[in-house]
Protein chains: 4
Amino acid sequence: MKKEVRPKGNQFLTHIIEPELREQSERFFDLMLQINDAHTLMLLEQGLISINEAKQLLKISRNLARQGPKGLDLVPEKEDLYLNMESYIIEKLGARIGGKLHTGRSRNDLYATIHRLKCREEVLHITELLLELRRMLLKKAEDNLNTIIPGYTHMQPAQPITFAHYLSALGSALKRDFDRLLAAYDRTNVNPLGAAALAGTGFDIDRRLTARYLGFDAVLTNTLDAVASRDYLAEVVSALSIMLSNIGRMNHDLYMWSTSEFSILQLPSEMVIGSSIMPQKRNPTVFEHIMAKVSHALGAFVSIVTTMKGIPYTHTKATGSEVFKVFWKALDETEVSLNVMVAVLDKIRINKDIALMKVKKNFSTVTEVADEIVRHMDIPFRTAYEIVKQTVLSAYEEGKTSEDLSIDDFNESAMRIIHMPLEGITPGVIKTALDPFENVKRRKSMGGPAPAEVARNLAQMKAELEADVSMVTDKKEKTKAAYDGMRKKISQVIGMSAK
Amino acid sequence: MKKEVRPKGNQFLTHIIEPELREQSERFFDLMLQINDAHTLMLLEQGLISINEAKQLLKISRNLARQGPKGLDLVPEKEDLYLNMESYIIEKLGARIGGKLHTGRSRNDLYATIHRLKCREEVLHITELLLELRRMLLKKAEDNLNTIIPGYTHMQPAQPITFAHYLSALGSALKRDFDRLLAAYDRTNVNPLGAAALAGTGFDIDRRLTARYLGFDAVLTNTLDAVASRDYLAEVVSALSIMLSNIGRMNHDLYMWSTSEFSILQLPSEMVIGSSIMPQKRNPTVFEHIMAKVSHALGAFVSIVTTMKGIPYTHTKATGSEVFKVFWKALDETEVSLNVMVAVLDKIRINKDIALMKVKKNFSTVTEVADEIVRHMDIPFRTAYEIVKQTVLSAYEEGKTSEDLSIDDFNESAMRIIHMPLEGITPGVIKTALDPFENVKRRKSMGGPAPAEVARNLAQMKAELEADVSMVTDKKEKTKAAYDGMRKKISQVIGMSAK
Amino acid sequence: MKKEVRPKGNQFLTHIIEPELREQSERFFDLMLQINDAHTLMLLEQGLISINEAKQLLKISRNLARQGPKGLDLVPEKEDLYLNMESYIIEKLGARIGGKLHTGRSRNDLYATIHRLKCREEVLHITELLLELRRMLLKKAEDNLNTIIPGYTHMQPAQPITFAHYLSALGSALKRDFDRLLAAYDRTNVNPLGAAALAGTGFDIDRRLTARYLGFDAVLTNTLDAVASRDYLAEVVSALSIMLSNIGRMNHDLYMWSTSEFSILQLPSEMVIGSSIMPQKRNPTVFEHIMAKVSHALGAFVSIVTTMKGIPYTHTKATGSEVFKVFWKALDETEVSLNVMVAVLDKIRINKDIALMKVKKNFSTVTEVADEIVRHMDIPFRTAYEIVKQTVLSAYEEGKTSEDLSIDDFNESAMRIIHMPLEGITPGVIKTALDPFENVKRRKSMGGPAPAEVARNLAQMKAELEADVSMVTDKKEKTKAAYDGMRKKISQVIGMSAK
Amino acid sequence: MKKEVRPKGNQFLTHIIEPELREQSERFFDLMLQINDAHTLMLLEQGLISINEAKQLLKISRNLARQGPKGLDLVPEKEDLYLNMESYIIEKLGARIGGKLHTGRSRNDLYATIHRLKCREEVLHITELLLELRRMLLKKAEDNLNTIIPGYTHMQPAQPITFAHYLSALGSALKRDFDRLLAAYDRTNVNPLGAAALAGTGFDIDRRLTARYLGFDAVLTNTLDAVASRDYLAEVVSALSIMLSNIGRMNHDLYMWSTSEFSILQLPSEMVIGSSIMPQKRNPTVFEHIMAKVSHALGAFVSIVTTMKGIPYTHTKATGSEVFKVFWKALDETEVSLNVMVAVLDKIRINKDIALMKVKKNFSTVTEVADEIVRHMDIPFRTAYEIVKQTVLSAYEEGKTSEDLSIDDFNESAMRIIHMPLEGITPGVIKTALDPFENVKRRKSMGGPAPAEVARNLAQMKAELEADVSMVTDKKEKTKAAYDGMRKKISQVIGMSAK
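What you see is a predicted model, and the numbers here were worked out from it, not measured in a lab.

Draft legend 1. Geometry of the overall build of chain A. In terms of helices and strands, chain A carries 19 helices and six strands. In terms of C-alpha radius of gyration, chain A reaches 31 Å, well past the compact-globule figure of 23 Å for 499 residues. Each principal axis of the C-alpha atoms in chain A carries an extent, and together these give about 105 × 55 × 40 Å. Counted over contacts in chain A with a minimum sequence separation of 6, partners at least 24 positions apart contribute 77%. In the structure as shown, chain A presents an accessible area of about 15,700 Å², 51% of it carried by carbon and sulfur atoms.

Now the structure itself:
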């Protein structure tokens, strides 16, 4: 428990090498074997090793895969997972065969490949979660086309919208987030293998072949770039930061709407936390958690970019090790956020009566009265605005709500400002303009909250979602097909009789 | 000069409203007029204002444009640039006409539009500078296909590469940076106008029409999203951060290579700074400046994302004002970096003799000897590696450089490790393997430093560059055509006789 | 207006040197003269220059001060403000005298000194503003000792507190912020002058003497540390970030309390913004601005620390120039925040009736009922908690508020849980426990909201404030005394007849 | 292995509650018991529980401590560690006794207390490691008072210094880091216990008493501040960021000096990494790791401050949970850095011959020649500077090093510039000025590299170090004494016969 201030032994080994070795083993063991296999197959096809050598290397790889990380005793003095694994293989197969596995490559490109494969896998999983979230948003929106809620600007009642309109706004934001993430995925999924230390190799390797076995979309051509570049990590985390920023803002809204003062939103008991001493408490802490997640992604972005500040464009431990210290954690926090948000969205309910009542009383429909005056009287908007503003100010003073406003109130202000009553404006015009449903229905210009317009927009968003689902499915299947193809090929080779 | 601790007056006006108003006027005056014009034309075409009203509004806009920001006295009590401008217009045209300009829109969508137009303009300029930099990198690379330099990993000599290979690595990175930036551009260039306060409008406006006049690629549909979203800013700045990270790493290399210890790189005197007291000084400070720029973009990203933390998804001053406090400055720093980098790359020269001499002596070609042993003797790579390693260690101890190594040195180690001399390895094989030019030439696998392979790759990169230049040119021309079209239409309308 | 993509001329000069030179001249002109004077006086006292030389140098300095920055034509080719100034002086006095000004120092220590003096001045001003804010908080708190407001946790009503209690919490936070800032000030206010380029000088200078003339508290001893270190900048900005974080959280509260849903807080009209189209709007945007300011300080911290990543511990342009790119702006944003916050706090009013009504109804006093049950019945807290919890749940279902609760409601739950009614609990006990004023009065344990306890605490905080005011006053006076002393000495020297 | 995209069950429980519960149990189990004990003792002394109740509560606490975290089955539905523990205690002791443990407090102040205790412990450990590092720096400096190394500015040779001078610069920086860290410690070590939910309690508790038992320096008075504030976390991490920035810059120097080009520094083999394919490699990767660590602390600072953006000043999950997501990891990375740096400093050696040879040849002593001309000839510094500059430029062109410069070279330049040879400057003067040892010895002004001056300064730094060691020892002992006192008191109470 007590930490030593003046510890014994090789501190570099204890504090740097060993923890990293353990982490590599836990996180990358299988991927390293997979890359070894792809490399072995390629060496065979290029005639750089014999069929017998390939068989032996593939078999021991299969053995290691079966045993898992526990099959390999880790010795920090051997530096890293690869050298530990190679040493095991050489011990089993002898140096003549085991020593050939590393032909034409280096640890630099090997880890560059592992990092990209692992990142690809995680990012793809996140895109799938994001698709789920988008799907849930759209579903919820469809269910709430006519659910009036107050639209706020600066947290003050502005104009009525619908919950569907609100959700569709976020759905659009998340579509952009998806596109950013997928672009990052595409820039991740390229093959650095064969770049060796930094300068490629004189052996006649085929980098397109390993790309195919490993399901990469292309080869990351320049060999220095292949071992030096980690900009894809920064891109992934910036995409996550921005996505979690959007999701966080949505959570801020839900959090506010859950206060007893707003009371617009209901969160089910299973997602609410009590107090250990205050018996009345129902805390929507889930929003507090999700709101915070952007901070961790942002911190990770800072860590990654700063780690790459003041370093050369080549392989270093900054890019090969330190840049990952916070990376995987940021992905985990993102997955938590998405998983939880899908469930939250599924479960929340708008308190429709309260939301509607607010809109009826909080003057947020009065802009439409000004618009109606413009339409009926050829009065410029700015003048109509002043008439309505005076009316509202008087109403405030008299303690009236917008529900209480009548044509007389507006006429009174009109008399003061344009020295005549409103012409052509009937009580019915006022009443309809102030009516939340009518008010919303009229806002049918492109992208507005009118239910018909939102429905139209949702249909389009749904089509986009389906296209995105296909795209992600294709990517998953492509990876799977690649791995399957490799497995098949391995079986074939192992089954061959050595010539 | 002395700042007051207990100042008089309305601090909100003095410290928040007024400085922002001045900045809006300096930065956005012309763009606001342009948007007013597009909106006016649309109102006319939609029959929401008369031809005469349109003429008046367009004419006064033209007048204001002619006078520039100085034509408008700014009154902080009127809050912002728009209300100051409207008040001027109403004063000149009367409320009947001037009051119609704002029909069917709000300041929220107006500024959202301004911000996107301004950002579009700046980002497009940056993409052009980036294209210049990529062009310069390729040109420089073509000139240095055979310029041997030491390739480093961990700042230690690793294997020889060429300056062309190095530059091509960076060229590839900058291509990714370009793609990221252009994607950010595309997500910037969509039209929020017509979203009004947040809920659209009941007036029959046409948002596609204003999009066309203003050169937007599409309409940003959902009206809440249109006023709330600023994720494009974060995306732009993250793309810049990543780009400046890549550029910064290149600068770190150039900075190191300019030390008297490395002496690989020559920077012309005009880019070198002396000392006020040390007469011998030639400081390559330009690299120190450019290396630092990523920090400012990163800081801006943090500022932007954090500003959007803990706020609602709607219009607020966080998104409408604070998020920009550091944004434009980050763009400026980027422009400085690119402008200077183009000039630096144009002017630097590799000290070829020194670079070559280093490679000849620093053992960075010995991996090839191990590879040759593998090729000639069917010895596994790991064993060949050990033979060479022992040889190098002995050489170090004896103070030899790699130039001094002979077949005998390798045989000595071979005897110790495989108990036999190297078979089939002639002195010529060793000599050629150790020769930097030969060494590089052999590394012709995909993406390697062999001049032929680099040349092949550069040709491809050049084709990509040309395609990207076309794309940017198209975007610029599209914008120009839109503005021209609008100008033409305005002249037409102004020239019409009122009906 | 149009920016050139392929500009002519020396880009390093245009984009790096010239803008920096202009900024130095605007920001540091006077300080440079002041340092020149201190250095000149020291050279004289150490016998390194003659009385006549000193007179000439001091006179021309006085002339330059009179003319201000405009008196000096800036030539970018001369690199920086100092060399421009020296060149002017040499031109006027001849090299024999003018050339002696720089004896025993360098630009490295000169700018290090300027930066610390400027930073000292700004930070001292910020501490004064912070003292004002603390004073205003305490004053406001004293005026609101009995102003009941709901205390929230997780934004849900928790227990009643008073506005004074709330303000005192923030007052305590700001006291910590003050201490952090002052510690940063103390680490700023040390003298690097005389460190020369990095290795001091062979001339017999006296660094304590220049420290005294310039009002530094001590000499920053190690000469390499003196030119290399900029950790004080990071410390200042981290202190500001933390302070603005605390202030930002307070603004989030005020912002929420200003919503029409909370309605606890009233902001005067002069600090409220309307809408250009929504006539009913009263937007408390000031809080949105101030809430955001922490982001900019945080971004600046990131920029500063990242700029110093991957650089040597010596003088570089990273520390001498780039680290300041965002520094002064962060100080400006802080000053804005403090100035505005003082005014806001002065002007806001709690809507006492609404706040009280909330507390009466929102069940936030019921913990006290559980405590009373514990006190009267020797029932463990956890059981009492359950009785009250059941009571509240039933009340929720029946649509009751806490004001409606009677002894019968609690007895009903007690019967269910402990199978007996509450003993010794009279209706009066319940009524008093639920009464907000009584409830608050009882919470008189150390630091609690009971008015007497808050008053006690405020008295202590006030004493601390007065002590802090004295400390800052002393620092200001010390600086002033130093400058006065120097001015006097200069007059003396100028008045001397040359020997 | 495969992650589910549409998982079953309560996602809030699975992803948020459960992982946090497990972490609390692993990290805070013992501290929670300790706080329970302190609270129990205080309740007893204040007469709020009986001696028998206290005995039972203290005994079960002792039992739990004996079993450790494994003694407690964790049930996520019970939310957190405290409620799980309370439920266990109630199960064992019955509600009558077990239900009293939480009297007069809440989870809010309980966790606030845990967080401060844990942070205190970790920070104190870090200060001890930092003291070790400072001690090692001073020791190494004392051993290298006469070890000449080139002093660089802008990575270019500037003036000779000694390794001791360099280390003393860093030692001064680390002293400031220590002071910052200790100030953060002091602001951490205050007692929030008794603040309850946010409003204190009506029970007559004594917060000073629990402060004494737990070894806090004071009570964190205001109860809202006590549960809301986490600024100490930000302060700790900012202090660590700045410290790791200083350490990182030192590592950048060591990294550069370890390149084969600089060759000034020798790192022992045990701290050097090879390559899996390049037999000649000796990579000083340890510096790459340590250089990066500032990035992670900086990222953590961003995460912490951003988490606290846009939240109220009260207890929330942002401050109670999310703010810690990256905090402990940042402390771990710091501990790694310090442990490794102590070992690195212990083991590195300067290659004295190479370092000296560089200084002899690289013109970094020529400033002294200019100074000598000033001293001997009453020529202004600027003129002397020009003479030397011309001399150096000619030498460069002729391929001479500074070792080759003679009086004739300087006279040649003097003739061109002042039209006369140097007067009073003998060959010996030149030779001595250019001699590195002599050059350094002369720079004996305050803080300069002259061995005598560095020795003087080191003595002072050593005295400061010893004072700091005492201070930290006192703090450790104070904590230990408090815990011992509590243990004793517990034994006493348990041993008492119940009255």
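Draft legend 2. Geometry of the interface of chain B and chain D. Contact residues are listed per partner, giving 47 residues for chain B and 47 residues for chain D. Inspection of the chain B/chain D interface yields two salt bridges. Of the charged contacts, one joins Glu261 of chain D and Lys358 of chain B as a salt bridge, the two residues approaching to 3.0 Å between their closest N and O atoms. Counting across the chain B and chain D interface gives 28 residue pairs in polar contact (both at pLDDT 80 or more).

Draft legend 3. The arrangement of the environment of Asp186 of chain D in detail. Along the chain, the position of Asp186 of chain D falls in helix α6 (residues 163-188). Once the C-alpha coordinates of Asp186 of chain D and Gly104 of chain D are considered, the two residues, 82 residues apart in sequence, prove to be 26 Å apart.

Draft legend 4. Up close: the packing of helix α9 (residues 231-257) of chain B against helix α12 (residues 327-347) of chain B. All names here are of chain B. At a minimum axis separation of 11 Å, α9 and α12 run at an interaxial angle of 35°. Relative to α12, α9 is oriented so that their crossing is left-handed. Note on element contacts: α12 touches α9 through Phe327, Leu331, Thr334, Ser337, Leu338 and Met341, opposite Leu233, Val236, Val237, Leu240, Met243, Leu244, Ile247, Met250, Asn251 and Leu254. Residue classes in the contact of α9 with α12 are distributed as 13 nonpolar, three polar and no charged.

Draft legend 5. Here's a closer look at the interface of chain A and chain B. With 101 residues of chain A at the contact, the number on the chain B side is 101 residues. Each partner contributes to the roughly 8,100 Å² buried at the junction of chain A and chain B, and carbon and sulfur atoms together form 59% of this total. Interface area lost by chain A to chain B is led by Arg249, Tyr313 and Met446 of chain A, which between them contribute 11%. Counting the contacts that link chain A with chain B gives ten salt bridges. Between Arg176 of chain A and Asp231 of chain B there is a salt bridge, with its nearest N and O atoms 2.8 Å apart. Joining chain A to chain B, the criterion identifies 44 residue pairs in polar contact (both at pLDDT 80 or more). Of the residues contributing to the side of chain A that touches chain B, the split by class is 40 nonpolar, 35 polar and 26 charged.

Draft legend 6. Spatial organisation of the relation of the copies chain A and chain B. Least-squares fitting of chain A to chain B yields an RMSD of 0.0 Å, with the transformation described by 0.0 Å of translation along the axis and a rotation of 180°. What the superposition gives is, in effect, a two-fold axis relating one chain to the other. Scanning chain A for the C-alpha nearest the rotation axis identifies Ser238 of chain A, at a separation of 3.2 Å. An overlap of 99% is found between the interface residues of chain A and their copies at the interface of chain B, pointing to a shared contact surface.

Draft legend 7. Representation of the packing of helix α10 (residues 285-307) of chain A against helix α1 (residues 11-45) of chain D. α1 of chain D packs onto α10 of chain A with a crossing angle of 80° between their chain directions and a minimal axis gap of 12 Å. In terms of their interaxial angle, α10 of chain A and α1 of chain D are classed as roughly perpendicular. Facing α10 of chain A, whose interface residues are Thr285, Val286, His289 and Ile290 of chain A, α1 of chain D presents Phe12, Ile16 and Glu20 of chain D. Looking at the contact of α10 of chain A with α1 of chain D residue by residue, the classes come out as four nonpolar, two polar and one charged.

Quick notes on the rules
- Residues numbered from 1 in each chain as written.
- Chains lettered and ligands numbered in written order.
- Predicted model: local features only at pLDDT ≥ 70, side-chain atom pairs only at ≥ 80, totals over all residues.
- Heavy atoms only, no water.
- Helix = DSSP H or I, 4+ residues; strand = E, 2+ residues; numbered from the N terminus.
- Rg over C-alpha atoms; globule rule 2.2 N^0.38 Å.
- Contact = heavy atoms within 4.5 Å.
- Areas by Shrake-Rupley, 256 points an atom, 1.4 Å probe, with all protein chains shown as cover.
- Salt bridge = Lys/Arg side-chain N within 4 Å of Asp/Glu carboxyl O.
- Polar contact = N/O pair within 3.5 Å; in protein donor to acceptor, adjacent residues only side chain to side chain.
- Axes fitted to C-alpha atoms, helices over the stretch in contact; angles between N-to-C directions.
- Left-handed = near helix turned anticlockwise from the far one by under 90°.
- Nonpolar A, V, L, I, M, F, W, Y, C, P; charged D, E, K, R; others polar.
- Buried area = accessible area lost by both parts, 1.4 Å probe.
- Least-squares fit on C-alpha atoms with pLDDT ≥ 70 in both.
- Parallel < 35°, antiparallel > 145°, perpendicular 65-115°, else oblique.

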